[in-house]
Amino acid sequence: MSDAELVLRSTRVITPEGTRAATVTVSAGTITAVLPYDTEIPAGARLVDVGDDALLPGLVDTHVHVNDPGRTEWEGFWTATRAAAAGGITTLVDMPLNSLPPTTTVEHLRIKRDVARDKAHIDVGFWGGALPGNVKDLRPLHDAGVFGFKAFLSPSGVDEFPHLDQEQLARSLAEIAGFGGLLIVHAEDPHHLAAAPQHGGPRYADFLASRPRDAEDTAIAALIAHARRLDARVHVLHLSSSDALPLIRAARADGVRITVETCPHYLTLTAEEVPDGASEFKCCPPIREAANQDLLWAALADGTIDCVVTDHSPSTADLKTADFATAWGGISGLQLSLSAVWTEARRRGHTLDDVVRWMSARTAALVGLDARKGAIAPGRDADFAVLAPEETFTVDPAGLQHRNRVTAYAGRTLHGVVRSTWLRGERIVADGEFTPPKGTLLDRL
C-alpha cells in the first residue's frame, strides 16, 4: 500500500469474489491490492473516488473487425479503439479479415502491427487466419504471437479470405492441434445455405429464411466431430441458433474442448422487430426470433455459452442497402456493447458480476490473457471502466466514435453510462474527452 501511486474507491467494485465497497491500489500500471473501502490513503497517492458508480475491470472484446489496412474507409485502428474505449473496452483482438492483406502470413501480421502501433487507444492483439493452402503458415503465425486462427466454413463475403471445406478444415485443425493452438470458427454449412430459399429484396423474413438454423447446427456438429477425433481446442463464433445448444452440451460432457460465444445483437434485438429494408440489422448468422433469444440467455446463465463479444463488423453506409441479399452483413457495436448487454441483463435479473464474467473474465481466459486482464485483482493490469449502471441514455449515431455511424441501436434507450475508461492506471477517456493513444500491441502469452 505504501508504494501506491493511484487509489480508486467505489461503493461497488466488481471483483472475482463479488461486488463490494472497496479501495483499489495501483502502482506502475498494475493493481497491487483490493482493500476495505475505508482503508487510509497513503501520503503521495492520488485518490479517485467514483462514489456509487460501479468500478468494473476493462472489458476484453475478442471479436473485432478493424479492417485496417486496406479497408480503412470502413473502420481503422484509431476510430475502432476510440469507440471501444468510449464503451469501457480496454483490450480487443482483431480479426484477420476484412483488412488487406488479411492476417494469414507472418509478413501480413507485421504489416498490420505496423499500422496499428501508433493508433491504438487500447491494447490490441491479433488473430491469424486459416485458409485453403496456408497450413504451412500456421505454426509461424503462432510463433509470432497470434492468439489463434479464424476459419470460415461458408463464404466469408470477401474473396481474399476463402472458406475451408471439410477436408481442408481437418488438415488445418490437425496442424493447429499439433502445437496446442486454438481454432475459432464461423460455423455455417454452405450446403444448407445453398439449399435455403434465396429471394433477395427488403423483407427481413426472407433474409432470415436464407440463413436457417440448421446451417449453424450442421456446421457445429461437424466441427465437434473433428475436435473430438483430434483432441483439438475449438471455439464457435457468434452463435445465434439455440438449436445447437444440446450438441454443445453433449460434446462438453464427452470431454470435447469447445467454447462458445454469442453477441450483444443476438441477446438484445429480435427478428420480430427488424423493419423491412433496415439492413443495419443484417449480420450472418442472423438475428433470430425472441423465443430463440430466450434460450441463448438461458445458455449464458448455465455456462453453455461462455462469453459475449461484439463481432464489430462495420462498413461504409452505402453498402447497407435496402436489399438484405446484397447489403453488407455486420453490426457495429463496440461503443454500445456494455450498455446494450447490461440493459437486457438487468431486465432478466442478472447482475453486473454476470456481465463482467461474460465480457471480461471469460474473454480474457479464452485468449490466455487472464493473468493480466479480465479482473480487478492484485497482479492484473489496472484496466477499468467506471459505469453509472442506473443512468440511461438514448443512442444518437452522431455521438458514436465509429468511422461510419451506422447502428442498429439508433434511438434505443439503454442503461449504463460509461463515465471513464482507464488503461494500466491512466484515464484514457472521460466524459467524451480522449487522451492520445496509449495502447500496446499484445502477443499471446
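The structure under discussion appears in the preceding block.
Being a predicted model, the structure only gives us computed values, none of them experimental.

A. Quick look at the nonpolar core. Leu56, Phe149, Leu183 and Leu239 are the most contacted members of the largest nonpolar core, which totals 98 residues. Per element, the largest residue contribution to this core is 6 residues, and it comes from helix α1 (residues 77–86). If we skip the residues at most four places from it in the chain, Leu56 touches Ile14, Leu338, Leu352, Val356, Ile376, Asp383, Phe384, Ala385 and Leu387. Counting 16 residues, the second-largest nonpolar core is a separate cluster that includes Leu6, Val26, Ile31 and Phe384.

B. Fine view of the pairing of strand β12 (residues 233–236). Of the strand pairs in this sheet, strand β11 (residues 182–186) and β12 are connected by 4 bridges, and their pairing is parallel. Looking at β12, one finds that Leu183 is bridged to Val234. Of the pairings in the sheet, the one linking β12 to strand β13 (residues 257–262) comprises 4 bridges and is parallel in character. Bridged to Val234 within β13 is Ile258. For the handedness criterion, the β-α-β arrangement of β12, helix α8 (residues 245–253) and β13 is classed as right-handed.

C. Structural detail: the sheet that holds strand β14 (residues 307–308). One open sheet accounts for 6 strands, arranged β9-β10-β11-β12-β13-β14; its pairing is parallel. Here the strands that pair on one side only, and so sit at the sheet edges, are β9 (128–129) and β14. Sheet analysis places β13 next to β14, joined by 2 bridges and oriented parallel. For Glu261, the partnering residue across the bridge sits in β14 and is Cys307.

D. Representation of the pattern of salt bridges within the structure. Under the definition given, this model contains 34 salt bridges. Here Lys112 and Asp94 are joined by a salt bridge, their closest N and O atoms 2.6 Å apart. Of this pair, Lys112 sits in helix α2 (residues 106–116) while Asp94 sits in strand β7 (residues 89–94), placing them 18 residues apart in sequence. There is no split in this pair, since Lys112 and Asp94 are both buried. Across the salt bridge formed by Arg139 and Asp143, the nearest N and O atoms sit 3.1 Å from each other. Taken together, the residues span about one helical turn, with Arg139 and Asp143 both in helix α3 (residues 135–143) at a distance of 4 residues. With relative accessibility at 39%, the residue Arg139 sits in the partly exposed group. A single network of salt bridges, built from pairs that share partners, joins Asp123, Arg372, Lys373, Asp381, Asp383 and Arg424.

E. Summary view of unusual backbone geometry. Residue Pro69 follows Asp68 across a cis peptide bond; omega there is 5°. You can see Pro69 is positioned in the loop between β6 (59–64) and α1. For the bond running from Cys284 to Pro285, omega is -5°, close enough to zero to count as cis. Positionally, Pro285 belongs in the loop between α9 (264–268) and α10 (290–302). Its identity as a non-glycine residue notwithstanding, Arg424 has a phi of 45°, on the positive side.

Calculation criteria
- Residues numbered from 1 in each chain as written.
- Predicted model: local features only at pLDDT ≥ 70, side-chain atom pairs only at ≥ 80, totals over all residues.
- Heavy atoms only, no water.
- Core = buried A, V, L, I, M, F, W, Y, C linked by side-chain atoms within 4.5 Å.
- Buried < 20%, exposed > 50% of the residue type's maximum accessible area, 1.4 Å probe, protein only.
- Helix = DSSP H or I, 4+ residues; strand = E, 2+ residues; numbered from the N terminus.
- Contact = heavy atoms within 4.5 Å.
- Pairing = 2+ DSSP bridges.
- Right-handed = clockwise from strand over helix to strand, strands pointing away.
- Salt bridge = Lys/Arg side-chain N within 4 Å of Asp/Glu carboxyl O.

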